[in-house]
Amino acid sequence: MQDKVIIITGSSIGIGRAMARIMGQRGAKIVLNARNAERLNATYQQLLSEGLSVTAIAGDVSKMEDCQKIIDHAIATFGKIDALVNNAGISMEGTVEDLSPEVFKKVMDVNYLGSVFPTKCAIPHLRKTKGSIIFISSAAGIRGIPKFSVYSSSKMALTALAESLQIELEKDNIHTGIAYVGFTENDPQKTIYDANGKVIPQPNRNLVKTEPPEAVAKRVMNMIENRTQKSVFTPLGKLNAFMNRFAPFIVKKVLSNNYHKD
Ligand SMILES: NC(=O)c1ccc[n+]([C@@H]2O[C@H](COP(=O)([O-])OP(=O)(O)OC[C@H]3O[C@@H](n4cnc5c(N)ncnc54)[C@H](OP(=O)(O)O)[C@@H]3O)[C@@H](O)[C@H]2O)c1
């Protein structure tokens, strides 16, 4: 990590901020990003006061012009890019029938295009450093989950994107990795879309075992250091992936029982 320049999208709170702190503590130079400039600045000031080498650039990853600004800012500040972590994401809740059409678009825009656009802008710079691209997916990117259809779809789309890039970029020695993150402790400021597209606080998920964001951050850092192409995080996540491959009917039964008990 020492002196590596790492862009982490969506890093004002949550897992993104934990990655910024942990990689920064290991000597990396961190480019923070999020849309809300005030919250981004608070994180920037905090990490700066902890002695980390950071810069911050507000921008919306679902807009190509903002992504180019993020990449240009990283180059202007630190002179190179060693890794891009496509972390910015948003979740939703509601059945396909109930969801307003705009929710499908909004979630795909941030979670899918919001990973495509920064990647497109970063590739020429990553070619020079033989750097890394990481996509932050989810257990929901392995199996479609009722009431999280668009979120699942957006994270599955990242699998196809990562697999395509792994071959397109292998001759340039650019590493592409995808992380299937398990249930993680949520930041108190985390929000999601409800079925009407209204931004609401993330509902409590006190039924599931969660990992602290710092643990997720360390796993992602290991993926960059070891140039891992695919990693499923947490024992529950690994069990989900295994069962979904070899006994998908059991996973479907569990999800179905859980869905119909509501
Ligand atoms: N938490 C979990 O249990 C879990 C599990 C599996 C996977 N993940 C994935 O891990 C990633 C981080 O999740 P999290 O729980 O840490 O999320 P979070 O707490 O909601 O934080 C999301 C971050 O992304 C930023 N962001 C959202 N939309 C953006 C946009 N269009 N452009 C730029 N920044 C944007 C937010 O700031 P602004 O709102 O100011 O832009 C914030 O900094 C996501 O991709 C999520 O899908 C999370």
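Summary of the structure given here. Quick caveat: nothing in here was measured; it's all calculated off a predicted structure.

What about the overall build of the protein chain?
Inference 1: Along its length, the protein chain carries 8 helices and 10 strands.
Inference 2: Computed over the C-alpha atoms, the radius of gyration of the protein chain is 18 Å, within 12% of the 18 Å expected from 2.2 N^0.38 for a compact globule of 262 residues.
Inference 3: Referenced to the eigenvectors of the C-alpha coordinate spread, the extents of the protein chain come out at roughly 55 × 40 × 30 Å.
Inference 4: Of the contacts made within the protein chain by residues no fewer than 6 positions apart, 71% connect residues no fewer than 24 positions apart.
Inference 5: When the accessible surface of the protein chain is split by element, carbon and sulfur atoms take 54% of a total near 12,800 Å².
Inference 6: Put simply, the protein chain has 33 plus and 24 minus side-chain charges, and the middle of one group is 5 Å from the middle of the other.

A look at the layout of surface pockets
Inference 1: As a volume, the second largest pocket reaches approximately 200 Å³.
Inference 2: The wall of the second largest pocket is formed by 14 residues, among which Ile142, Thr159, Glu163, Tyr180 and Lys230 lie closest to the centre.
Inference 3: Looking at the lining of the second largest pocket, the elements that each hand over two or more residues are helix H5 (149–168), strand E7 (175–181), strand E10 (230–232) and helix H7 (235–246).

Some remarks on the site of the ligand
Inference 1: Near the ligand, the surroundings consist of 30 residues, among which Ser12, Arg35, Asn87, Tyr151 and Lys190 are the closest.
Inference 2: Interatomic distance of 2.7 Å between a backbone N/O atom of Asn87 and an oxygen atom of the ligand.
Inference 3: Contact with the protein chains covers 94% of the free accessible surface of the ligand, which is 890 Å².
Inference 4: Among the secondary structure elements, those contributing two or more residues to the shell around the ligand are helix H1 (14–25), strand E2 (29–34), strand E6 (132–138) and H5.
Inference 5: The element contributing the most residues to the shell around the ligand is E6, with 3 residues.

Remarks on the sheet that holds E2
Inference 1: Spatially, E3-E2-E1-E4-E6-E7-E10 is the arrangement adopted by the 7 strands of the open sheet, whose pairing is parallel. This sheet does not close on itself; its edge strands, each paired only once, are strand E3 (53–58) and E10. Going across the sheet, the axis of each strand differs from the next one's by a mean of 15°, ignoring polarity.
Inference 2: Relative to E3, E2 runs parallel, the two being bridged by 6 bridges. Each bridged residue has a counterpart across the sheet, and for Val31 the counterpart in E3 is Thr55.
Inference 3: Along the sheet, helix H2 (residues 37–49) makes contact with E2 and E3, crossing E3 at roughly 175°.
Inference 4: Across the sheet, H5 is in contact with E6 and E7; its angle to E6 comes to roughly 155°.

Brief notes about the sheet that holds strand E5 (residues 91–92)
Inference 1: The mixed open sheet is built from 3 strands, whose spatial order is E5-E8-E9. Pairing within the sheet leaves two strands with one partner each, and these edge strands are E5 and strand E9 (199–201).
Inference 2: Sheet topology note: the strand E8 (residues 191–193)/E9 ladder contains 3 bridges and is antiparallel. Bridge assignment links Thr191 to a residue of E9, and that residue is Pro201.

Structural notes on the environment of Ile15
Inference 1: The residue Ile15 is located in helix H1 in this model.
Inference 2: Beyond its immediate sequence surroundings of up to four residues, Ile15 is in contact with Asn87, Val181, Thr184, Pro213 and Val216.

Cut-offs and rules
Residues numbered from 1 in each chain as written. Predicted model: local features only at pLDDT ≥ 70, side-chain atom pairs only at ≥ 80, totals over all residues. Heavy atoms only, no water. Helix = DSSP H or I, 4+ residues; strand = E, 2+ residues; numbered from the N terminus. Rg over C-alpha atoms; globule rule 2.2 N^0.38 Å. Contact = heavy atoms within 4.5 Å. Areas by Shrake-Rupley, 256 points an atom, 1.4 Å probe, with all protein chains shown as cover. Lys, Arg positive; Asp, Glu negative; His and termini not counted. Charge placed at Lys NZ, Arg CZ, Asp CG, Glu CD. 1 Å grid on protein atoms, 1.4 Å probe; cavity = no way out; pocket = protein on both sides within 12 Å on 5 of 7 lines; lining within 4 Å. Points joined across faces, edges and corners; volume = space filled by probe spheres on them. Near = heavy atom within 4 Å. Polar contact = N/O pair within 3.5 Å; in protein donor to acceptor, adjacent residues only side chain to side chain. Pairing = 2+ DSSP bridges. Axes fitted to C-alpha atoms, helices over the stretch in contact; angles between N-to-C directions.

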